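# Descriptive analysis of the structure
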Amino acid sequence: MASSPVEGSSFPLDDYEALLSTTDVELLKRAWRNEKAAPEILRFETDLTDRIREQIQLMEETVEEKSAAGINPLSISLYQMDLDRAQFLLRSYLRIRIQKIEKYMFHIAKTDELWNRLSREEKSFTRRCTDDLKQHLEESVLSKLPENYQSFQRQSVISEQDDMVPEPQLDTFVVCRSKEYLTGIQLEDGPVDDRQLLSKLFEMEPGVLYFICYKSIKALVESGKIDLL
Amino acid sequence: MAGQSDPHLSLFSADELEFIAEDEMVEIVPNLKMDALNLISGDFGPFVPQITTQVPLWLAVALKKRGKCSIRPPEWISVDKLTQVLEAERESQEMSEKLPFHYVEISRLLFDHARDDIPDVYMVRSLIEDIRDVRFHKVETDLEAFNGRTIAVKIKNLSAMEVNIVRPFIRRALQAFCKHDSPELIPDPERVSDRRPQVANNAPRRQLRR
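An account of the accompanying structure is given in this report.

What counts, and at which threshold
- Residues numbered from 1 in each chain as written.
- Chains lettered and ligands numbered in written order.
- Predicted model: local features only at pLDDT ≥ 70, side-chain atom pairs only at ≥ 80, totals over all residues.
- Heavy atoms only, no water.
- Helix = DSSP H or I, 4+ residues; strand = E, 2+ residues; numbered from the N terminus.
- Buried < 20%, exposed > 50% of the residue type's maximum accessible area, 1.4 Å probe, protein only.
- Contact = heavy atoms within 4.5 Å.
- Buried area = accessible area lost by both parts, 1.4 Å probe.
- Salt bridge = Lys/Arg side-chain N within 4 Å of Asp/Glu carboxyl O.
- Polar contact = N/O pair within 3.5 Å; in protein donor to acceptor, adjacent residues only side chain to side chain.
- Nonpolar A, V, L, I, M, F, W, Y, C, P; charged D, E, K, R; others polar.
- Pairing = 2+ DSSP bridges.
- Axes fitted to C-alpha atoms, helices over the stretch in contact; angles between N-to-C directions.
- Parallel < 35°, antiparallel > 145°, perpendicular 65-115°, else oblique.

Moving on: the overall build of chain B. When helices and strands are tallied, chain B shows eight helices and six strands. Along the chain direction, N to C, the helices and strands of chain B fall in the order α-β-β-β-β-α-β-α-α-α-β-α-α-α. When the 210 residues of chain B are sorted by exposure, 44% land in the buried category. Long-range contacts, defined here as pairs at least 24 residues apart, represent 64% of the contacts in chain B between residues at least 6 apart.

Given below as structure tokens:
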């Protein structure tokens, strides 16, 4: 996809805001929102989730120590709230991914690009899931059908593609916001030819919201230039 | 703690939007002495009586609930500022840029937990409701301008809650336009005439099912 970000006039954030935006919680929140908004599964944030997990564990220990030492219960309850918020984010992030895996497991399992986006745990989950579902489908229905209709991936042996595998719909519309000035976004790709008028290159101003086809900005989401919301 | 939203209804539940907005910073004036908090989400404090400090909204609300601070309402929450915003919203079809992205959630949280810290709270509240209505009306008229040639919609200064509410509609509308516009679905008269009987071609069916 042709996209050449132009060095735009990026407004210098004041130090305070810059400091805030770099916390891992903030990064996880971004990953969470992107994952929620994207139709397909995105790359698993291995390092980020590891760091957050460590911080959560550390904080759990700190809270325990503090409450054992009988320190100000107010401050302990505030630490606990902060901990709850971080845990909620992490759990919600992992759950959305599991929901997507459950929905599109066969598709993910056979598509290398998607498969490589999963974490180790998610891979083993997907493997178990696909095995179980396949076995279930075969035992309960497919084995009782005529020979030509026994595939769990295809309607029948004459199907040209795997037409019984649910796939995420990538030409859906999402809301997104860019951090910098972007130009040269190809809005329509693929063999749609009666749209010269519209397939002109699209520009994005920073901070403005756009409803746009996910397929056109997929690469920019993956490279972190655009946030979904 | 907010539950997981059903992704089929709306992307973010009201609780999740509130959760996001709770990370916005506000100024508080504590009335207790407490050491700085080194939280996962950042370091805040130390808290000294009568000395203003910046904390995230959730922390401010937690302290406020326990009577340990008063919250300084953000600058835009005042009768003066909001009256200006309302006028600007009424005068122009553009959305005013004077309100923060989470203005609905922030004002709701403050009305629920810190009414006594907001001067003229009833007036402020009704102003915000009016602003919401005017803005919604504008979004709705904007949506009428959609047509089959719309492939991307740019909306300046739409707030988080507004995005969430119009998202399902806009998404379905744009998708429907896209689908009906797609040349693959428009039957080609030549092809129809010499259509071969029931070839194993699943492509059109796949299109429709989506």
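Having seen it, we continue.
For the rest of this paragraph, the subject is the interface of chain A and chain B. Listed per partner, the contact involves 59 residues of chain A and 54 residues of chain B. For the pair chain A and chain B, the summed buried area comes to about 5400 Å², and 62% of that belongs to carbon and sulfur atoms. Looking only at chain A, the three residues that lose the most surface to chain B are R85, F173 and F211 of chain A, adding up to 16% of its buried area. Remark: the boundary between chain A and chain B carries five salt bridges. Among the salt bridges present, the one from R85 of chain A reaches E22 of chain B, with a minimum N-O distance of 2.6 Å. Our count for the chain A to chain B interface comes out at 13 residue pairs in polar contact (both at pLDDT 80 or more). Elements that contribute at least two residues to the side of chain A that touches chain B include exactly α1 (15-21), α2 (24-37), α3 (46-68), α4 (73-110), β2 (173-178) and β5 (209-213) of chain A. The biggest single contributor to the side of chain A that touches chain B is α4 of chain A, with 18 residues. When its residues are assigned to classes, the side of chain A that touches chain B shows 29 nonpolar, 12 polar and 18 charged. Pairing between β5 of chain A and strand β6 (residues 152-155) of chain B: four bridges, direction antiparallel.

Pairing within the open sheet is antiparallel, and its four strands lie in the order β6(A)-β2(A)-β5(A)-β6(B). At either margin of the open sheet sits one strand with a lone partner, and together these are β6 (226-228) of chain A together with β6 of chain B. Direction aside, neighbouring strands of the sheet carry axes that sit 30 degrees apart on average. Pairing analysis gives three bridges linking β2 of chain A to β6 of chain A, with the strands arranged antiparallel. Its bridge partner lying in β6 of chain A, C176 of chain A is registered against L228 of chain A. The strands touched by α2 of chain A are β2 and β6 of chain A; relative to β6 of chain A, the strand with the most contacts, the crossing angle is about 65 degrees.

All right, on to the packing of helix α2 (residues 57-65) of chain B against helix α4 (residues 103-113) of chain B then. Residue and element names in this part refer to chain B. One can describe the packing of α2 onto α4 by two numbers: an axis separation of 10 Å at closest approach and a directional angle of 10 degrees. For the element pair α2 / α4, the angle class is roughly parallel. Here L57, V61, K64 and K65 of α2 come into contact with α4, specifically with I106, L109, L110 and H113. When grouped by side-chain class, the residues that make up the contact of α2 with α4 number five nonpolar, one polar and two charged.

So, on to the sheet that holds strand β5 (residues 69-72) of chain B. Two pairing modes exist for strands in a sheet, parallel and antiparallel, and in both the strands are linked by backbone hydrogen bonds. Residues and elements named next belong to chain B. Strand order in this open sheet of three strands is β4-β1-β5, and the pairing throughout is antiparallel. If you trace the sheet from one side to the other, it starts and ends with β4 (53-56) and β5, each paired once. Along the sheet, successive strands turn relative to each other by an average axial angle of 45 degrees, direction set aside. In this sheet, β5 lies alongside strand β1 (residues 25-30) in antiparallel orientation, the contact comprising four bridges. Pairing of E27 across the sheet is with R72, part of β5.

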